[in-house]
Amino acid sequence: MNIRRLLYWLLLAMGLLCAVVVISTGIVLAVRLSMLQKPIEIGAGGSSDDNQSRAEQKKSETDPRRRFAPEPFDPSQKDEQVATTAKPPDDSVSPLDSRTEEQKPPVDAPKKPSLPAPAPPPRKLTTIERASGSFFGPTPPDPQGRPQMVEIVVPETPGGSAIWGATGRDDRGRIWYGVSSESSEPLSAHLMEMDPATCQSVDRGDVVSELARQGVARPGDQQSKIHSKIVQAEDGHLYFSSMDEAGELALEGKPPTFGSHLWRLRLADYRWEHLAAVPEGLIAVGTGGRYVYALGYYGHVLYQYDIQTGVLRNVRVGSTEGHVSRNFLVDSRGHAYVPRLAAPQISPPLQGGAGGGSRVGPPQWLATLVEYDTTLKEIGESPLPNYLDTKLHPENSHGIVGLSQLADGSLVFLTHVGHMYRVTPPQGDGPASVESQGGINPAGPCYAASLFSYDGQRWLLSAGRRNDGKFEWLARDQSTGQTLLRELTIVDLFQPPRRDILLYGSATRDFQGRFYVGGRYVWRDGGSRPLLMRIDPPHY
């Protein structure tokens, strides 16, 4: 009886032990299965490094800066990818990169943003229209009527401050302008292309970035301004200049710290080409024939670039008292016309006794227009008695401001005080004639930094600024010499009103006959902002 009871308790214990083992195994399997089906959450298992990496990945998916991150390179898609940054310098490539040349991503310049395909010009452009950015068309029914002013939105650029007359047009009809910079690091001007059909602009690059990309930048380099016109030479490419202005001393003739650069832009692929670096400040550019000219300060140094040979030459024209002309002229023969300012040999008489007198009247300077042929030989010099604003020191008088080339090849320009001169080249290689045409504003001196023509013959038009700051539309009939004035209410276009508006520009015109001027205004924060205005002729 005792043996049977012992066996009974032994079998019962073994059964309980088996049950415990089965239950424990089931629990372990269930836990492992749940871990496989459920992801690891932050703070709920897994290593701290895994949790942190998952958190960073999740954050990056919602970070707006993520769109600028470089994507993995796919050679099969390289034509469709558009890079957002410029080509890195050569020293940014790791020497440990063991990929073959076929495996490495391309290092060419990124594909440029596009605008809609330009409409063909209404007719073949003349050589003068192409080089000057003008367009000669029909005269409106009311040629002296009041035009309409339209503001073109200028894209924001770092420190964008003004468009100092840096405008132009290519033979496809696109408008070009340069936006100068201030209060940014580094100071770098931007080149813009604008479609007149949509008024949309595309940034075609900035100067300092292009200097770095082409390996010619210096430590601390800056180029705050594109001040020159953007001109199209006979090779079909665009030419312009950029410049620094920090450190310059006008009266001492000290040029800007980082000087200037002459540029070419190839329209086919919007590729910048660096042509020259010079110590002077290149403030103006013009073209005629196979030559592109640039005017540098101080001393009015004229540079000539031969687009066929790539040879760069220069000659010093001469200027005194820190004076800088904002423009100069180039005719279709390739002759250049540059102002020269010098102290006269005969000074104003002295008043008082010998050795103790003082001069009577303001200081005197002699201004002339000097003509150079294609060999940079001086072949003519004509007096410009109404060149300077005598109320200003020569440093503050801008010399030639507005200019335009007419259909017959003659050139018309305006000085700082609004006095008009006409330069008429002969058929051959001889010197041109220079004639005074009087003031463009019958009311008196005015600052007219733009000069346009409807037909390239009879009519000349300008947006002039009076001494009180108000603007007038000046329509001059060359057949009679009469000018009709109409006030331009530019300030009323803007809400809130903008102050201290300045307008520049010369002959830039689109194929619809509309004119363009660049400038700037002062915003509420006291800073300068770029301004681009389109002037629509009346009932055109």
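Residues numbered from 1 in each chain as written. Predicted model: local features only at pLDDT ≥ 70, side-chain atom pairs only at ≥ 80, totals over all residues. Heavy atoms only, no water.

Turning next to the pairing of strand β16 (residues 336-342). Counting buried positions over the seven residues of β16 gives six, a clear majority of the element. Sheet analysis places strand β15 (residues 329-330) next to β16, joined by two bridges and oriented antiparallel. The residue bridging V330 from the neighbouring strand is A336, located in β16. Counted along the chain from β15 to the antiparallel partner β16, the turn is five residues long, and its residue G334 has a positive phi close to 90 degrees. Here β16 pairs with strand β19 (residues 366-372) via seven bridges, running antiparallel. For V338, the partnering residue across the bridge sits in β19 and is V370. (Buried < 20%, exposed > 50% of the residue type's maximum accessible area, 1.4 Å probe, protein only. Helix = DSSP H or I, 4+ residues; strand = E, 2+ residues; numbered from the N terminus. Pairing = 2+ DSSP bridges.)

The sheet built from four strands is open, its strands ordered β7-β8-β9-β10 with antiparallel pairing. Among the strands making up the open sheet, the edge pair consists of β7 (231-232) and β10 (271-278). Pairing analysis gives seven bridges linking strand β9 (residues 260-266) to β10, with the strands arranged antiparallel. Within β10, the position partnered with R266 by the bridge is R271.

Next up on the list: the sheet that holds strand β29 (residues 499-503). Pairing within the open sheet is antiparallel, and its four strands lie in the order β1-β31-β30-β29. This sheet does not close on itself; its edge strands, each paired only once, are β1 (148-152) and β29. Geometrically, the sheet is characterised by an average inter-axis angle of 35 degrees between neighbouring strands, direction not taken into account. As defined by bridge partners, β1 adjoins strand β31 (residues 528-536) across five bridges and the pair is classed as antiparallel. Within β31, the position partnered with I152 by the bridge is L532. (Axes fitted to C-alpha atoms, helices over the stretch in contact; angles between N-to-C directions.)

Quick look at the pattern of salt bridges now. Under the criterion given, the structure shown has 26 salt bridges. Here K225 ties to E245 by a salt bridge, and the two come within 3.1 Å at their closest N and O atoms. Of this pair, K225 sits in the loop between α4 (207-213) and β7 while E245 sits in the loop between β8 (238-243) and β9, placing them 20 residues apart in sequence. You can call K225 buried: its relative accessible area is 14%. Linking R333 and E371 is a salt bridge whose minimum nitrogen-to-oxygen distance equals 2.9 Å. Highlighted residues: R333 in the loop between β15 and β16 and E371 in strand β19, separated in sequence by 38 residues. Through salt bridges with shared partners, a single ionic network connects D170, R172, R174, E193, D195 and R204. (Salt bridge = Lys/Arg side-chain N within 4 Å of Asp/Glu carboxyl O.)

Averaged over every residue, the pLDDT of the protein is 82; the share at 70 or more is 75%. Within the model, the stretch residues 31-107 combines pLDDT values under 50 with 28 contacts to residues more than four positions away or in other chains. Predicted confidence for residues 350-359 stays below pLDDT 50, and this span has eleven contacts to residues more than four positions away or in other chains. (pLDDT = per-residue confidence, 0-100. Contact = heavy atoms within 4.5 Å.)

Turning next to the side chain of H419. As for its position among the elements, H419 is in strand β23 (residues 419-424). You can call H419 buried: its relative accessible area is 12%. Looking at H419, its side chain comes within polar contact range of the side chain of S436, at 2.6 Å. Here H419 is in contact with N386, F413, L414, S436, Q437, G438 and G439, once residues within four sequence places are set aside. (Polar contact = N/O pair within 3.5 Å; in protein donor to acceptor, adjacent residues only side chain to side chain.)

Looking at the secondary structure, you find S260 in strand β9. Excluding residues that lie within four positions of it along the chain, S260 makes contacts with Q223, S242, M243, A276, A277, V278, E280, G281 and L282. Within the structure, S260 has its side chain in polar contact with the backbone oxygen of S242 (distance 3.5 Å).

Attention shifts here to the packing of aromatic side chains. Within this structure, the stated rule accounts for 14 aromatic pairs. Aromatic pair F240 and W272: ring centres 5.4 Å apart, planes at 90 degrees, arrangement edge-to-face. Here the residue F240 occupies a position in strand β8, and W272 occupies one in strand β10, the gap between them amounting to 32 residues. Summarising the burial analysis for this pair, F240 and W272 share the class buried. Clustering of aromatic rings is evident, with ring pairs tying together F452, Y454, W473 and F515. The positively charged end of R204 is found above the aromatic ring belonging to Y270, 3.6 Å away from the centroid. (Phe/Tyr/Trp six-rings, centres within 6.5 Å; stacked < 30°, edge-to-face > 60°. Lys NZ or Arg CZ within 6 Å of the ring centre and 35° of its normal.)

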